[in-house]
There are 2 protein chains.
Amino acid sequence: MKYCFGVDVGGTSIKMGLFREDGDLLEKWEIVTRQENHSDEILPDIAESVSAKIKEYRLTREMVTGIGIGVPAPVTEDGIVNGCANLGWEYKEVKREMESLTGLLVRVGNDANVAALGEMWKGAGAGQRNLVMVTLGTGVGGGLVVGGKAIAGAHGAGGEIGHMCVNYKEKEVCGCGNSGCLEQYASATGIVRIAKKRLEGNSENTVLTSENLTAKQVFDAVKAGDQIACEIAEEFGNYMGHALANIAAIVDPAVIVFGGGVSRAGEILLDYVRKPYQERAFFADRAVKFVLAELGNDAGIYGAAKLILE
Amino acid sequence: MKYCFGVDVGGTSIKMGLFREDGDLLEKWEIVTRQENHSDEILPDIAESVSAKIKEYRLTREMVTGIGIGVPAPVTEDGIVNGCANLGWEYKEVKREMESLTGLLVRVGNDANVAALGEMWKGAGAGQRNLVMVTLGTGVGGGLVVGGKAIAGAHGAGGEIGHMCVNYKEKEVCGCGNSGCLEQYASATGIVRIAKKRLEGNSENTVLTSENLTAKQVFDAVKAGDQIACEIAEEFGNYMGHALANIAAIVDPAVIVFGGGVSRAGEILLDYVRKPYQERAFFADRAVKFVLAELGNDAGIYGAAKLILE
């Protein structure tokens, strides 16, 4: 039995896992993301941690298939990052640098695509080869697995579903510079934005108040039967469901996995998305399953490990 | 050097090609599509034609890598068709049946995806690994190649871009049963539909008349500077360009190839799509190239041959 490492690089911490090739997670740990000097310490820090773990487990290098790495940026098929705002990287040949630091095979992917691969391997999409993962956090991330492979795309920007335009009449500008992006309605921030607009019109007969409002409060109110909260959830669900129907027409997934903080609202969130999805989905795509992510914060290390085993 | 066959099954004729593995087309020919008995003769007819050609070229079976087949229906990764309206097939294990008829390796794909693969191999997308092909004919077909592979999807319905919803306010129903599908605006039929609506409002100062109107007439009038024809082309371009910006956000292609009868309008058609695309594309996708298909009716046999060489 051989071993491999899955690494999930985030802005504040780097999650790492040592796996057996069959997917057994032997140990997981974290190291701090040192952002000084344009984050130039990140790759050497990972290399050092991998080396230490190889010694600790008395493995030889021949027993290690390699290291898979997920990073919060577009990544080309060759493992190159062309700028990563979260880490301060500009052009960086992550695969080449890491291979020369460790002498091990390295593969690199975008963190959202890598998380999708993790859920396909050992999570909510286990056994499937065609999967879309939607990560509803501060933004809307997307990961696509097609025919068992994570999609990188020509510029490493495959799966950027948060920046599909879903409202051509929107006036407010998205972080990307365009207007009407899915992220403006379906992220935690987007849901709060919808809610505040709704509450401007009518803030009676609801437990919700604009001040310090969170997406969690909206869905808690939905569960308590608050009518205005339900209308806000419907608007979110329409944008998300319609966008997913178009995504399904393009990539035809077997399962759509919902992860990220907002998805902790649970099954009720899926219900609000499913109805508009079914109204608009192409007939061949209506059988798609909507499920909640199962691996939580570990999806990244699982998917990164799978990346090296592909 | 080994050889392979590329087969493109259509409703009236079956196009066939004998290729060398390097992509040289040695000979192409057609046989009639016999639709009697639920088209049960199609596969035996192909097998017979392949056998005859093997004899004619004095090949041995060991010299033949296999047969790639494109069919006008969703096809699963296992080469199964679950109904094909154009041919009258219901459930059909095309790969298995054809392998048992010929003793050769067989792979089967959807015709639009296969054509995209052909353009990637030897046509307008040569050298690229990430490509979207849009076929503008009676309908709007889509073929996706991601990481060098044609996308089948979970139900064989990958690339059905003609059935993305692009207008949630549309009242008229598409052939698929939904409303507002891209196909209702961007196909030959769709362009005529847009034009007729436009001419209802104002049929003065234009060479176009509603009677027997064709998409070709619309683009001919555009080239002649007809203002109303230009407005019709703009409406087409907006729907198509905005849909492609969303497709690019999902699969991040390097190149978008336009084929099918409507694309014979040439570069001017691309100009009308490019502008709204650029207005809406995610920044990482703005460098995508728009090109006209190069293989014409041969894209299917080239792509089918490539299917077997993958």
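Residues numbered from 1 in each chain as written. Chains lettered and ligands numbered in written order. Predicted model: local features only at pLDDT ≥ 70, side-chain atom pairs only at ≥ 80, totals over all residues. Heavy atoms only, no water.

Novice: So what exactly am I meant to see when it comes to the overall build of chain A here?
Specialist: Broken down by element type, chain A carries ten helices and twelve strands. Computed over the C-alpha atoms, the radius of gyration of chain A is 20 Å, within 12% of the 19 Å expected from 2.2 N^0.38 for a compact globule of 310 residues. Principal-axis analysis of the C-alpha atoms places the extent of chain A at approximately 65 × 45 × 35 Å. Across chain A, contacts joining residues at least 24 apart in sequence account for 60% of those joining residues at least 6 apart. Summed over its atoms, the accessible surface of chain A is roughly 12,600 Å², and 47% of this surface lies on carbon and sulfur atoms. Each charge sign in chain A was given a centre, from 31 positive and 41 negative side chains, and these centres are 4 Å apart. (Helix = DSSP H or I, 4+ residues; strand = E, 2+ residues; numbered from the N terminus. Rg over C-alpha atoms; globule rule 2.2 N^0.38 Å. Contact = heavy atoms within 4.5 Å. Areas by Shrake-Rupley, 256 points an atom, 1.4 Å probe, with all protein chains shown as cover. Lys, Arg positive; Asp, Glu negative; His and termini not counted. Charge placed at Lys NZ, Arg CZ, Asp CG, Glu CD.)

Novice: Explain the pairing of strand E9 (residues 140–146) of chain B to me, please; I cannot follow it from the model alone.
Specialist: Regular strands place side chains that alternate from one sheet face to the opposite one. Residue and element names in this part refer to chain B. Buried residues dominate E9, accounting for six of its seven residues. Strand direction decides the pairing type here: strand E8 (residues 131–136) and E9, joined by six bridges, are antiparallel. Looking at E9, one finds that Leu131 is bridged to Val145. Following E8, the chain reverses through three residues before pairing antiparallel with E9. (Buried < 20%, exposed > 50% of the residue type's maximum accessible area, 1.4 Å probe, protein only. Pairing = 2+ DSSP bridges.)

Novice: Would you mind showing me how to read the interface of chain A and chain B here?
Specialist: How big an interface is tends to be reported as the loss of accessible area on association of its parts. Each side of the interface is counted separately: chain A has 43 residues, and chain B has 43 residues. Summing the contributions of chain A and of chain B, the shared interface buries around 3,500 Å²; its carbon and sulfur component is 53%. Inspection of the region where chain A meets chain B yields two salt bridges. A salt bridge links Arg129(B) to Glu77(A); its shortest N-O distance comes to 2.8 Å. Where chain A touches chain B, the interface holds 28 residue pairs in polar contact (both at pLDDT 80 or more). Contributions of two or more residues to the side of chain A that touches chain B are made by strand E9 (140–146), helix H8 (227–251) and helix H9 (267–280) of chain A. (Buried area = accessible area lost by both parts, 1.4 Å probe. Salt bridge = Lys/Arg side-chain N within 4 Å of Asp/Glu carboxyl O. Polar contact = N/O pair within 3.5 Å; in protein donor to acceptor, adjacent residues only side chain to side chain.)

Novice: Would you take a moment to explain the relation of the copies chain A and chain B for this structure?
Specialist: Two chain copies here: they are related by a rotation about an axis and a translation along the same axis. Once turned by 180° and shifted 0.0 Å along the axis, chain A lies on chain B with an RMSD of 0.0 Å. Taken together, these values place the two copies in the relation of a two-fold axis. The share of interface residues of chain A whose copies in chain B are also at the interface is 100%, consistent with both copies meeting through the same surface. (Least-squares fit on C-alpha atoms with pLDDT ≥ 70 in both.)

Novice: Any chance you could explain the packing of aromatic side chains here in plain terms?
Specialist: How two aromatic rings sit relative to each other is given by the distance of their centres and the angle of their planes. Residue and element names in this part refer to chain A. Here the structure, examined in full by the defined rule, presents 18 aromatic pairs over all chains. With a centroid separation of 6.3 Å and an interplanar angle of 45°, the aromatic rings of Phe19 and Trp121 are classed as tilted. With Phe19 in strand E2 (residues 13–20) and Trp121 in helix H4 (residues 111–122), the pair connects residues that are 102 residues apart, well separated along the chain. Note on accessibility: Phe19 and Trp121 belong to one class, buried. An aromatic cluster of at least three residues, connected via ring pairs, comprises Phe19, Trp121 and Tyr302. (Phe/Tyr/Trp six-rings, centres within 6.5 Å; stacked < 30°, edge-to-face > 60°.)

Novice: Got a minute to help me understand the side chain of Ser39(B) in this structure?
Specialist: Residue and element names in this part refer to chain B. For Ser39, the position within the fold is in helix H1 (residues 36–39). The buried category is assigned to Ser39, whose relative accessible area is 0%. Within the structure, Ser39 has its side chain in polar contact with the backbone oxygen of Leu87 (distance 2.4 Å). Sequence-distant contacts of Ser39, that is, excluding residues within four places in its chain, are made with Arg34, Leu87 and Trp89.

Novice: Any chance you could explain the sheet that holds strand E11 (residues 255–259) of chain B here in plain terms?
Specialist: Strands in a sheet are paired, the pairing made by backbone hydrogen bonds, and the direction either parallel or antiparallel. Residues and elements named next belong to chain B. What the five strands build is an open sheet, ordered E10-E9-E8-E11-E12; its pairing is mixed. Looking along the sheet, the strands with just one partner apiece sit at the ends: strand E10 (149–150) and strand E12 (289–292). Along the sheet, helix H4 (residues 111–122) contacts E8, E9, E10 and E11; its crossing angle with E9, the most-contacted strand, is approximately 55°. (Axes fitted to C-alpha atoms, helices over the stretch in contact; angles between N-to-C directions.)

Novice: Even after reading the chapter, I still don't get the nonpolar core, so can you show me in this structure?
Specialist: What tends to happen in soluble globular proteins is that the nonpolar side chains get buried as a cluster. One finds Phe258(A) and Phe258(B) to be the most contacted residues of the largest nonpolar core, which totals 105 residues. Not counting chain neighbours up to four residues away, the residues in contact with Phe258(B) comprise Val134(B), Leu136(B), Met240(B), Leu244(B), Ser263(B), Leu269(B), Leu270(B), Val273(B), Phe290(B), Val291(B), Leu292(B) and Ala293(B). (Core = buried A, V, L, I, M, F, W, Y, C linked by side-chain atoms within 4.5 Å.)

Novice: What is the right way to look at the pattern of salt bridges in this model?
Specialist: Two side chains that carry opposite charge are able to pair once their charged atoms sit near each other. Under the counting rule described, the total for this entry stands at 42 salt bridges over all chains. For the salt bridge of Glu36(B) with Arg34(B), the shortest nitrogen-to-oxygen distance reads 3.7 Å. Judged by its relative accessible area of 33%, Arg34(B) falls in the partly exposed class. Residue Arg34(B) pairs with Glu41(B) through a salt bridge whose shortest N-O separation is 3.7 Å. It is possible to trace a salt-bridge network through shared partners that takes in Arg34(A), Glu36(A), Glu41(A) and Asp45(A).

Novice: Before we go on, may I ask you to explain the side chain of Asn110(A) in this structure?
Specialist: Residues and elements named next belong to chain A. Inspection of the secondary structure puts Asn110 in strand E7 (residues 106–110). In this structure the side chain of Asn110 is engaged in a polar contact, spanning 3.0 Å, whose partner is the backbone nitrogen of Ala112. For Asn110, the residues in contact, after removing those within four places along its chain, are Val71, Ala73, Pro74 and Val75.

Novice: Can you help me understand the environment of Gly139(B) in this one?
Specialist: All names here are of chain B. Assignment of secondary structure puts Gly139 in the loop between E8 and E9. For Gly139, a relative accessible area of 23% puts it in the partly exposed group. Spatially, the C-alpha atom of Gly139 lies 8.2 Å from that of Gln184, the residues being 45 residues apart in sequence. Leaving out residues up to four positions away in the same chain, Gly139 has contacts with Glu183 and Ser187.

Novice: Please clarify how the sheet that holds strand E11 (residues 255–259) of chain A should be interpreted in this entry.
Specialist: Residues and elements named next belong to chain A. On the basis of which strands lie adjacent, the open sheet formed by five strands has the order E10-E9-E8-E11-E12 and mixed pairing. Lying at the two open borders of the sheet, with one neighbouring strand each, are strand E10 (149–150) and strand E12 (289–292). The strands touched by H4 within the sheet are strand E8 (131–136), E9, E10 and E11, with E9 carrying the most contacts at an inclination of about 55°. Docked against the sheet, H8 engages E8, E9, E11 and E12, running at close to 155° with respect to E8.

Novice: Just checking my understanding: could you explain unusual backbone geometry for this structure?
Specialist: Residues apart from glycine generally show negative phi values, whereas peptide bonds are mostly found in trans. Residue and element names in this part refer to chain B. The backbone of His38 shows a phi angle near 55°, a positive value even though the residue is not glycine. Along the chain, His38 falls in helix H1. Phi is positive for Arg58, which is not a glycine, with a value near 55°. By the secondary structure assignment, Arg58 is in the loop between helix H2 (42–56) and strand E4 (64–71).

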